[in-house]
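Next come the chains, spelled out residue by residue.
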Amino acid sequence: MACMSETSTQKAVANVPDAAGRFGDFGGRYVPETLTRALDELAVEYDKAKVDAQFQAELNDLLANYVGRPSPLYHAKRLSQQCGGAQIWLKREDLNHTGAHKINNTLGQALLTLRMGKRRVIAETGAGQHGVATATACAHFGLPCVVYMGEEDIRRQAPNVFSMKLLGAEVRPVTTGSRTLRDAINDAMRDWMSSVADTHYILGSVVGPHPFPRIVRDFQSVIGREAREQSQQRLGRLPDCVVACVGGGSNAAGMFYPFVEDEGVKLIGVEAGGRSSTAGDHASPLTYGSPGVLHGSFSYVMQDEDGQTCDVHSVSAGLDYPGVGPEHSYWKDTGRVAYTECRDAEAMQGFDALAKREGILPALESSHAIAKAMEVAAGMSPDAVVLVCLSGRGDKDAAEIARLRDG
Amino acid sequence: MSEIDELFTELRGGGKKAFMPFVTAGDPDLEFTTAVLRELTAAGSSMCEVGIPYSDPIADGPVIQASYTRALEKKIRLAEILKTLGELKDLSAPLVTMVSYAICHRHGLENYVAAAKQAGVAGAIVPDLLVEEADELAAICQREDFSLIQLVTPTTPRERQKRIAEKTTGFIYYVSVTGITGERTELPPQLVDNVGWLREQTDLPICIGFGISTPGHVKLLAPVADGLIVGSAIVRRICEAGSGDRDAVLRSVRDYAAGLIAALDSRS
Ligand SMILES: Cc1ncc(COP(=O)(O)O)c(C=O)c1O
């Protein structure tokens, strides 16, 4: 694949970020001074929570009895047959309560919200899965919740908008810019600029200023930890290759992180290739972008030569984002993870294949990973194992897919 | 001594305070930006802040956001902005840019400072660059005698305020409110005392911005500040220049600024 990352001499380690939130050169904190204090408090509180047995017990109890973890590891035999190569196994995050991996993070951050004594929660959402997962955590804990969502995403992910409202959250439409995830993050940050004294911002991916990329990765790492253990148990070994889709990069970071130091395991991150490789037609900053600053961190980004963020496109609202988490930039530059892209049309084929061959409707985001995994598996031997993070279910996308096919 | 240091030395010597309007470059076009900067200076502004439009300004409220969007819709480029500012070297008031770190970084920090300096710009306010991340840019600015104005906010702990003051050149930008830019009717009651505290920690000039829009605000804050920054209230007036009578907009901006300057001078 032409777009795979170049390898540098430095090796990726798991012991990142440093105290300044740096993953190699990437990450850091580029935000208005107003937010510094809250970010510092969050970092301190998280460090305490991480080693607090009671906090961890409470979170684990919720993950087991509320979310339904561990999520199954499923051998997709008929899908594997279709590809005629390696065995494809799915980590079933779609079976979590609320239908995606996002809940792993929102419950953790909601617990942090309570620990910090904050009384209100805000969030951004693209596909609406993070919005639903935040609204759910807030309903569970009795916290008021405001979710910022771009108008275009409100249109294409309508079922999730209803769910958020039913769960008691207020959904605030964002009408600026491209009216998608990036603009929703802008408005959530602006809300936080004023409300920071009593409000926690539950950021939904491994993006944003330090310490968010670390916190979200840690909460999502339950995916990879379980998958690693399940592989050992069921296969007697680790998978040969692990594949996940990358929007901001939280399901991929959670899946990859526990495998980072397992050098025999190939890791593949799949960005949204959209319609074409022309800027504006895709959402693949690791594949086509360059390092720059967006939303508080230094990472690969789609930016023009003047530093303005580019418009991006993906059929999938959750991947339709010009930036990516800084740890992915670190993994790209160290060569630990190979990043590639999957176009809209291929993702739709991945969706169909999983639906028809396995009886599973994947989220359009996850369909990108499925499609790429099928391609990769086809070139491998039948005893090889490709493990895919099925990050979410596709019910939310059914109407939009029908519309795209009719149009 | 930088241009900004000289300005404040002179103002302090005369017992005066700086009026510092903010305008967005290229809103609705650079020709108007030139005209409005001339009007504002003629009305008695001490320094002008020029906002470099950015696609994702998270510290800005709807008025300034919309002005950035209007300018970017016309595909404005940094190079054209600096060229225009370079043609304003005869202005009596120094110019500083309000510029996102995303833009400085993309151009290269050295290049950014060199180009801005070449255009006669005296310094930069980089609203998304925290003191921890500022060393590299600060070193370049120091070398070029270009001011790097850093911000202190109501949420900044006092020890940190001192640290920021040590690393700042030109003046300290004291953000009046916990929030984004935009006119406010009321300013926080503790503001005057808080600025007063910082005043005792540093000799640097302290200018207050965010939310300021009325002569009442000006009278309240002038005693503790070296200067006052007014943005959204001016940008809101400029917003009509795109469709309406440009001369009328220029007059309204000048009259508005003159009113605030009169309030500032009446007490000093
Ligand atoms: C099911 C699903 N997968 C993936 C993503 C992309 O986010 P991330 O890259 O942070 O996992 C989303 C985002 O909304 C999602 O809903």
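If you're wondering where the values come from, they're calculated on a predicted model, not measured in any experiment.

Some remarks on the overall build of chain A
Part 1: Across its full length, chain A holds 16 helices and 14 strands.
Part 2: For 407 residues, the compact-globule estimate of 2.2 N^0.38 gives 22 Å, and chain A sits close to it at 19 Å.
Part 3: Its C-alpha atoms give chain A principal-axis dimensions of roughly 55 × 50 × 45 Å.
Part 4: The buried share among the 407 residues of chain A stands at 67%.
Part 5: Across chain A, every contact between residues at least 6 apart in sequence was considered, and the portion connecting residues at least 24 apart equals 76%.

Quick look at the overall build of chain B
Part 1: In terms of regular secondary structure, chain B is built from twelve helices and nine strands.
Part 2: In terms of C-alpha radius of gyration, chain B reaches 17 Å, essentially the compact-globule figure of 18 Å for 268 residues.
Part 3: Each of the three principal axes of chain B carries a C-alpha extent, and together these read 45 × 40 × 30 Å.
Part 4: Considering only contacts within chain B whose residues lie at least 6 apart along the sequence, 72% involve residues at least 24 apart.
Part 5: Here chain B contributes 27 positive and 36 negative side-chain charges, whose respective centroids are spaced 2 Å apart.

Regarding the site of the ligand
All names here are of chain A.
Part 1: Residues in contact with the ligand amount to 19 residues; listed here are only the nearest, S205, G247, G249, S250 and S391.
Part 2: The separation between an oxygen atom of the ligand and a polar side-chain atom of N251 is 2.8 Å.
Part 3: More than half of the atoms of the ligand fall within 2 Å of the grid points belonging to the largest cavity.
Part 4: Listing elements by their share of the shell around the ligand, those giving two or more residues are α11 (250-256) and α15 (364-378).
Part 5: Looking at the shell around the ligand residue by residue, the classes come out as five nonpolar, twelve polar and two charged.

What about a negative patch on the surface?
Residues and elements named next belong to chain B.
Part 1: On the surface, E3, E6, E10 and D145 cluster together to form a negatively charged patch.
Part 2: Mapped onto the elements, E6 comes out in helix α1 (residues 3-13).
Part 3: The class of E6 is partly exposed, set by a relative accessible area of 43%.

Brief notes about helix α8 (residues 158-167) of chain B
Part 1: B:R160, B:Q161, B:I164 and B:A165 are the residues of α8(B) that are buried. What you see down the axis of α8(B) is that its buried residues fit within an arc of 145 degrees, all on one side. The exposed residues of α8(B) that point more than 90 degrees off its buried face are B:E159 and B:E166.
Part 2: The inward-facing, buried residues of α8(B) contact α1 (36-50) of chain A together with β6 (151-152), β7 (172-175) and α9 (191-201) of chain B.

A word on the layout of surface pockets
Part 1: In this model, the largest pocket occupies a volume close to 630 Å³.
Part 2: For the largest pocket, the lining is made up of 26 residues, of which A:R182, A:T309, A:D311, B:S55 and B:L72 are closest to its centre.
Part 3: At the level of secondary structure, the elements contributing two or more residues to the lining of the largest pocket comprise α8 (181-195) of chain A together with α3 (62-73) of chain B.
Part 4: Of the residues forming the lining of the largest pocket, the biggest block, five residues, is contributed by α3(B).
Part 5: Grouping the amino acids of the lining of the largest pocket by side-chain chemistry returns six nonpolar, nine polar and eleven charged.

Quick word on the packing of aromatic side chains
Residues and elements named next belong to chain A.
Part 1: Following the criterion strictly, the structure yields ten aromatic pairs over all chains and no others.
Part 2: The interplanar angle of 20 degrees and the centroid separation of 5.4 Å between the aromatic rings of F26 and F298 together place this pair among those described as stacked. Of this pair, F26 sits in strand β2 (residues 26-27) while F298 sits in strand β12 (residues 297-301), placing them 272 residues apart in sequence. Each of the two residues, F26 as well as F298, counts as buried.
Part 3: An aromatic cluster of at least three residues, connected via ring pairs, comprises F26, F298 and Y300.
Part 4: The aromatic ring of Y257 is capped on one face by R217, whose charged end is 3.9 Å from the ring centroid.

Structural notes on the interface of chain B and chain A
Part 1: Every contact between the two is made by 35 residues of chain B and, on the other side, 33 residues of chain A.
Part 2: When chain B packs against chain A, close to 3,000 Å² is buried across both sides, 49% of that on carbon and sulfur atoms.
Part 3: Among the residues of chain B in contact with chain A, B:I58, B:R106 and B:L130 are the three that bury the most area, contributing 24% of the side total.
Part 4: Our count for the contact surface shared by chain B and chain A stands at six salt bridges.
Part 5: Of the charged contacts, one joins B:E133 and A:R22 as a salt bridge, the two residues approaching to 2.6 Å between their closest N and O atoms.
Part 6: At the surface where chain B touches chain A, the tally comes to 24 residue pairs in polar contact (both at pLDDT 80 or more).

So, the sheet that holds strand β5 (residues 120-125) of chain A
Residue and element names in this part refer to chain A.
Part 1: Reading across from one edge, β7-β6-β5-β8 is the order of the four strands in this open sheet, with parallel pairing throughout. Each of the sheet's edge strands pairs with one partner strand only, and the pair in question is β7 (170-174) and β8 (199-201). Within this sheet the neighbouring strands show an average axis-to-axis angle of 25 degrees, counted without direction.
Part 2: One ladder, built from three bridges, connects β5 with β8; its direction is parallel. Bridging across to β8, V121 finds its partner in H200.

Concerning the packing of helix α14 (residues 344-358) of chain A against helix α16 (residues 398-406) of chain A
Residue and element names in this part refer to chain A.
Part 1: Running from N to C, α14 and α16 cross one another at 120 degrees; their axes reach a closest spacing of 13 Å. Compared by their axis directions, α14 and α16 come out oblique. Between α14 and α16 the crossing geometry is left-handed. Residues M348, F351 and D352 of α14 lie in contact with α16, whose contacting residues are I401, L404 and R405.

Some thoughts on helix α13 (residues 326-334) of chain A
Residues and elements named next belong to chain A.
Part 1: Among the nine residues that make up α13, eight are buried, leaving the element largely enclosed by the rest of the structure.
Part 2: Taken together, the buried positions of α13 are P326, E327, H328, S329, Y330, W331, K332 and T334.
Part 3: A positive backbone phi angle near 80 degrees is found at G335, which sits one or two residues after α13.

Comments concerning the side chain of A:S80
Residue and element names in this part refer to chain A.
Part 1: Here S80 lies in helix α3 (residues 77-83).
Part 2: Only 2.6 Å separates the side chain of S80 from the backbone oxygen of A76, close enough to count as a polar contact.
Part 3: Other than its neighbours up to four places away in sequence, S80 contacts H75, G85, A86, Q87 and I88.

Some words on the confidence of the model for chain B
Part 1: In this model, chain B carries a mean pLDDT of 97, and residues with pLDDT of at least 70 account for 99%.
Part 2: Scored as a complex, the prediction yields pTM 0.97 and ipTM 0.98.

Digging into the pairing of strand β9 (residues 241-245) of chain A
All names here are of chain A.
Part 1: Counting buried positions along β9 yields five of five residues, so the element is predominantly enclosed.
Part 2: Of the two faces of β9, both are covered, the one formed by C241, V243 and C245 as well as the one formed by V242 and A244.
Part 3: Bridging between β9 and strand β10 (residues 266-274) involves five bridges; their strand directions are parallel. Within the sheet, the bridge partner assigned to A244 lies in β10 and is G269.

Reading guide: rules and limits
One numbering rule holds for all chains: residues counted from 1, following each sequence as written. The naming scheme follows written order: chains are lettered A onward, ligands numbered 1 onward. This being a predicted model, a pLDDT of at least 70 is required before a residue's local features are given, and a value of 80 or more before pairs of side-chain atoms are given or counted; all residues contribute to the totals for chains, interfaces and linings. Note that water and hydrogens are dropped before the side-chain values are worked out from all heavy atoms of the structure. Runs of E in the DSSP output that reach at least two residues are strands. Runs of H or I that reach at least four are helices, and both are numbered from the N terminus. Atoms counted for the radius of gyration: C-alpha only. Globule rule: 2.2 Å times residue count to the power 0.38. In this scheme, a residue with accessible area under 20% of its type's maximum is buried, one over 50% is exposed, and one in between is partly exposed, where area comes from a 1.4 Å probe on protein chains only. Here, two residues are considered to be in contact whenever any of their heavy atoms come within 4.5 Å of each other. The positive count covers Lys and Arg only, the negative count covers Asp and Glu only, and His and the chain ends enter neither. In plain terms, the charge of a residue is placed at NZ if it is Lys, CZ if Arg, CG if Asp and CD if Glu. By convention in these notes, a residue is near a molecule or strand provided one of its non-hydrogen atoms lies within 4 Å of it. Polar contacts, as counted here, are pairs of nitrogen or oxygen atoms within 3.5 Å of one another; within protein the pair requires one atom able to donate a hydrogen and one able to accept it, and residues that are adjacent in sequence qualify only if both atoms are side-chain atoms. Buriedness of a pocket was judged along seven lines, with at least five required to meet protein on both sides within 12 Å; pockets are open sets of points on a 1 Å grid over the protein atoms alone, cavities are sets where a 1.4 Å probe fits but cannot get out, and lining residues have an atom within 4 Å of a point. The way we define it, a molecule is inside a pocket or cavity when more than half of its atoms are within 2 Å of that pocket's grid points. Residue type decides the class: Asp, Glu, Lys and Arg count as charged, Ala, Val, Leu, Ile, Met, Phe, Trp, Tyr, Cys and Pro as nonpolar, and the leftover types, Gly among them, as polar. Patch membership needs two things, relative accessible area over 30% and no salt bridge, and members are linked within 9 Å if like-charged or within 5 Å if nonpolar (Val, Leu, Ile, Met, Phe, Trp, Tyr). Surface accessibility in these figures is a Shrake-Rupley result with a 1.4 Å probe; residues are shielded only by whichever protein chains are displayed. Criterion for a salt bridge: a side-chain nitrogen of Lys or Arg within 4 Å of a carboxyl oxygen of Asp or Glu. As used here, the arc belongs to the directions running from the helix axis to the C-beta atoms. Grid points are joined across faces, edges and corners, and a volume is the space filled by probe spheres set on the points. A pair of Phe, Tyr and Trp rings is counted when the ring centres sit within 6.5 Å of each other, with Trp represented by its six-membered ring. The angle between the planes then sorts it: under 30 degrees is stacked, over 60 is edge-to-face, the rest tilted. Note on geometry: a ring has a charge over it if NZ (lysine) or CZ (arginine) is within 6 Å of the ring centre and within 35 degrees of the ring normal. By convention, the term buried area covers the 1.4 Å-probe accessible surface removed from two parts as they join, with the contributions of both added. Each pair of strands is called paired provided DSSP finds at least two bridges between the two strands. Throughout, an axis means a line fitted to C-alpha atoms (over the contacting stretch in the case of helices), and angles, computed between N-to-C directions, take values from 0 to 180 degrees. Any angle that falls under 35 degrees is termed roughly parallel, while one over 145 is termed roughly antiparallel, one within 65 to 115 roughly perpendicular, and all others oblique. By convention, the crossing between two helices is left-handed when the near helix turns anticlockwise from the far helix through less than a right angle, and right-handed when the turn is clockwise. Every residue carries a pLDDT, the predictor's confidence in it, which falls somewhere between 0 and 100.

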